[in-house]
Protein chains: 2
Amino acid sequence: MSVRLDEIDRKILGELQRDASQSLDEIARKVGSSKTPVWNRIRKLKEGGIIRQQTVFLDAEALGFEACFFVLIRTSEHEAEWQQKFLKALKERPEVQEAHRLAGDIDYILKVRVKNARAYDEFYQALISEVRIYNVTALLSMEELKSTTMLPL
Amino acid sequence: MSVRLDEIDRKILGELQRDASQSLDEIARKVGSSKTPVWNRIRKLKEGGIIRQQTVFLDAEALGFEACFFVLIRTSEHEAEWQQKFLKALKERPEVQEAHRLAGDIDYILKVRVKNARAYDEFYQALISEVRIYNVTALLSMEELKSTTMLPL
DNA sequence: GTTGAAAGTGCTACAGA
DNA sequence: TCTGTAGCACTTTCAAC
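About the criteria used
Residues numbered from 1 in each chain as written. Chains lettered and ligands numbered in written order. Predicted model: local features only at pLDDT ≥ 70, side-chain atom pairs only at ≥ 80, totals over all residues. Heavy atoms only, no water. Domains from an automatic or database assignment. Axes fitted to C-alpha atoms, helices over the stretch in contact; angles between N-to-C directions. Helix = DSSP H or I, 4+ residues; strand = E, 2+ residues; numbered from the N terminus. Parallel < 35°, antiparallel > 145°, perpendicular 65-115°, else oblique. Contact = heavy atoms within 4.5 Å. Nonpolar A, V, L, I, M, F, W, Y, C, P; charged D, E, K, R; others polar. Buried area = accessible area lost by both parts, 1.4 Å probe. Salt bridge = Lys/Arg side-chain N within 4 Å of Asp/Glu carboxyl O. Polar contact = N/O pair within 3.5 Å; in protein donor to acceptor, adjacent residues only side chain to side chain. Near = heavy atom within 4 Å. Phe/Tyr/Trp six-rings, centres within 6.5 Å; stacked < 30°, edge-to-face > 60°. Buried < 20%, exposed > 50% of the residue type's maximum accessible area, 1.4 Å probe, protein only. Lys NZ or Arg CZ within 6 Å of the ring centre and 35° of its normal. Pairing = 2+ DSSP bridges.

Asker: So what exactly am I meant to see when it comes to the domain arrangement of chain A here?
Answerer: Here the domain parsing of chain A yields domain 1 (7-47) and domain 2 (67-140). Placing the centre of domain 1 of chain A and that of domain 2 of chain A at their C-alpha centroids yields a distance of 38 Å.

Pasting the structure below:
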């Protein structure tokens, strides 16, 4: 279900994405409205599931998460049972920040953030002991050039 | 530079990651402290750059961003000038949610979120017209199995 | 770390376009 | 219906202990 948003809704979402700590008054001023309508719109956006979570971004490197891998996975198994087991393993592991099922040659891609290369190896060993995987390629990030979750509305 | 955090700091960050709309009192109660010390800690974490941004996650699909690609890039160019041009192009394009420089065979990986396959093609054409790229592989996401920015503290 | 008080904000009720 | 005004309760912020 796609929700109808007008120009003001889009501006509000833009401001919230940019800085969710702004006050209602501030947002209202920027989008050219006032407190109450903005508050009502935000409530509806939350209820409608458009706004899913309010959170903070932390500096991963400052917190000692110095290694980031993109993991390309091929599997020979495509049964429902295997998929469920694999999905469960991914969800349980906090190192896995993203997981996508892909079209084409490669079946899955993961983004895995860990403290160091050894921690990645531990993750990798644990994963392949839990589920059968045909082929794994790990791409090591040397530098995070850009990172955002902002959608261009 | 890695910053010293104690158990309480880590719990505060955990709570903020989980739900940044909680009140100070609520967080204080959960971490076993009280308002003012928690407030002071959060201020220091912001000043120290540990907390970088407060934002909202939006439902990309509900907003019509139905296509997500991981783009693997090989280039033959490795001069500083080319890199700067490439970096500038990535930063200017809001479709690019993530960009990493990699070690090894593949030079860069991008995560690109767009409304549909045609929008991806427009992005792709624009990119290769701006900077010389030797080889591109696009992996199309069929399903987002997991997506989080939470760090396991 | 605690108390407490001033300033600011979120949320609700209500009235008008 | 949606928008704006007004006000109370709650929260943030910060000084003094």
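Asker: I would appreciate a short explanation of the packing of helix 1 (residues 7-18) of chain B against helix 3 (residues 35-47) of chain B in the present structure.
Answerer: The relative placement of two packed helices is expressed as an angle between their axes plus a distance between the axes. Residues and elements named next belong to chain B. Helix 3 packs onto helix 1 with a crossing angle of 80° between their chain directions and a minimal axis gap of 11 Å. Considering the angle they form, helix 1 stands roughly perpendicular to helix 3. Counted together, Ile8, Asp9, Ile12, Leu13 and Leu16 of helix 1 and Val38, Arg41, Ile42 and Leu45 of helix 3 form the full contact between these two elements. In the contact of helix 1 with helix 3, the residues fall into seven nonpolar, no polar and two charged.

Asker: Would you mind going over the interface of chain B and chain A with me for this structure?
Answerer: Where interface size is given, it is often the accessible area lost as the parts come together that is meant. At the interface, 62 residues of chain B touch 62 residues of chain A. Summed over both partners, the interface of chain B with chain A buries about 6,100 Å², with 61% contributed by carbon and sulfur atoms. Per-residue buried area on chain B facing chain A is highest for Phe57, Leu145 and Lys146 of chain B; these three make up 12% of the total on that side. Seen at the junction of chain B and chain A, the total is four salt bridges. Its salt-bridge partner being Glu98 of chain A, residue Lys111 of chain B comes within 2.7 Å of it at the nearest N-O pair. Connecting chain B to chain A are 41 residue pairs in polar contact (both at pLDDT 80 or more).

Asker: Sorry if this is basic, but what is going on with the protein's contact with DNA strand C here?
Answerer: DNA strand C sits among Ser23, Leu24, Lys35, Thr36 and Trp39 of chain A together with Ser34, Lys35, Thr36, Pro37 and Arg41 of chain B. Near the protein, within 4 Å, the atoms of DNA strand C are sugar or phosphate in 46% of cases. In the environment of DNA strand C, a phosphate oxygen lies 2.9 Å from a nitrogen or oxygen atom belonging to the side chain of Trp39 of chain A. Residue Thr36 of chain B places a side-chain N or O atom 3.1 Å away from a base oxygen belonging to DNA strand C. Among the secondary structure elements, those contributing two or more residues to the surface near DNA strand C are helix 3 (35-47) of chain A together with helix 3 of chain B. The element that contributes the greatest number of residues to the surface near DNA strand C is helix 3 of chain B, accounting for four residues.

Asker: Sorry, what's going on with the packing of aromatic side chains here?
Answerer: When we look at a pair of aromatic rings, we describe it by the centre distance and by the angle of the planes. For the coordinates displayed, the defined rule picks out 13 aromatic pairs over all chains. Ring centres of Trp82 of chain B and Phe86 of chain B lie 4.9 Å apart, and the angle between their planes is 15°; this geometry places the pair in the stacked category. One end of the pair, Trp82 of chain B, and the other, Phe86 of chain B, are both in helix 4 (residues 80-92), four residues apart, so they sit about a helical turn from each other. Taking the relative accessible area as the measure of exposure, Trp82 of chain B reaches 7% and is therefore buried. Of the residues examined, Phe86 of chain B reaches a relative accessible area of 1% and is grouped as buried. Note on Trp82 of chain B and Tyr108 of chain B: the rings are 6.1 Å apart at their centroids and 45° apart in plane angle, and the pair reads as tilted. On the criterion of sequence distance, the pair formed by Trp82 of chain B in helix 4 and Tyr108 of chain B in strand 4 (residues 108-114) is long-range, its members being 26 residues apart. For the pair Trp82 of chain B and Tyr108 of chain B, a shared accessibility class is recorded, and that class is buried. Taken together, the ring pairs in this structure connect Phe69, Tyr120, Phe123 and Tyr124 of chain A into an aromatic cluster. Over the ring of Phe65 of chain A we find Lys115 of chain A; its NZ or CZ atom is 4.8 Å from the centre of that ring.

Asker: Even after reading the chapter, I still don't get the protein's contact with DNA strand D, so can you show me in this structure?
Answerer: Around DNA strand D, the structure places Ser33, Ser34, Lys35, Thr36, Pro37 and Arg41 of chain A together with Ser23, Leu24, Lys35, Thr36 and Trp39 of chain B. Among all atoms of DNA strand D positioned within 4 Å of the protein, those belonging to sugar or phosphate total 59%. Contact distances for DNA strand D include 3.1 Å between a phosphate oxygen and a side-chain N or O atom of Ser34 of chain A. For DNA strand D, a base oxygen lies 2.4 Å from a polar atom in the side chain of Thr36 of chain A. The set of elements that each furnish at least two residues to the surface near DNA strand D consists of helix 3 of chain A together with helix 3 of chain B. Counting residues per element, the surface near DNA strand D draws most heavily on helix 3 of chain A, which supplies four residues. Taken together, the residues of the surface near DNA strand D sort by class into three nonpolar, five polar and three charged.

Asker: When you look at the pairing of strand 3 (residues 96-102) of chain A in this model, what are you seeing that I'm missing?
Answerer: Every regular strand shows the same layout, with side chains that alternate between the two sheet faces. With six of seven residues buried, strand 3 of chain A lies mostly within the body of the structure. Pairing of strand 3 of chain A with strand 4 (residues 108-114) of chain A, which is carried by five bridges, proceeds in the antiparallel orientation. Within strand 4 of chain A, the residue paired with Val96 of chain A across the bridge is Val112 of chain A. In textbook terms, the turn of a hairpin is the stretch between consecutive antiparallel strands, and for strand 3 of chain A and strand 4 of chain A this stretch comprises five residues, one of which, Gly104 of chain A, has a positive phi near 100°. Where strand 3 of chain A meets strand 5 (residues 135-147) of chain B, five bridges bridge the pair, whose relative direction is antiparallel. Considered in strand 5 of chain B, the bridge of His100 of chain A is made with Glu144 of chain B.

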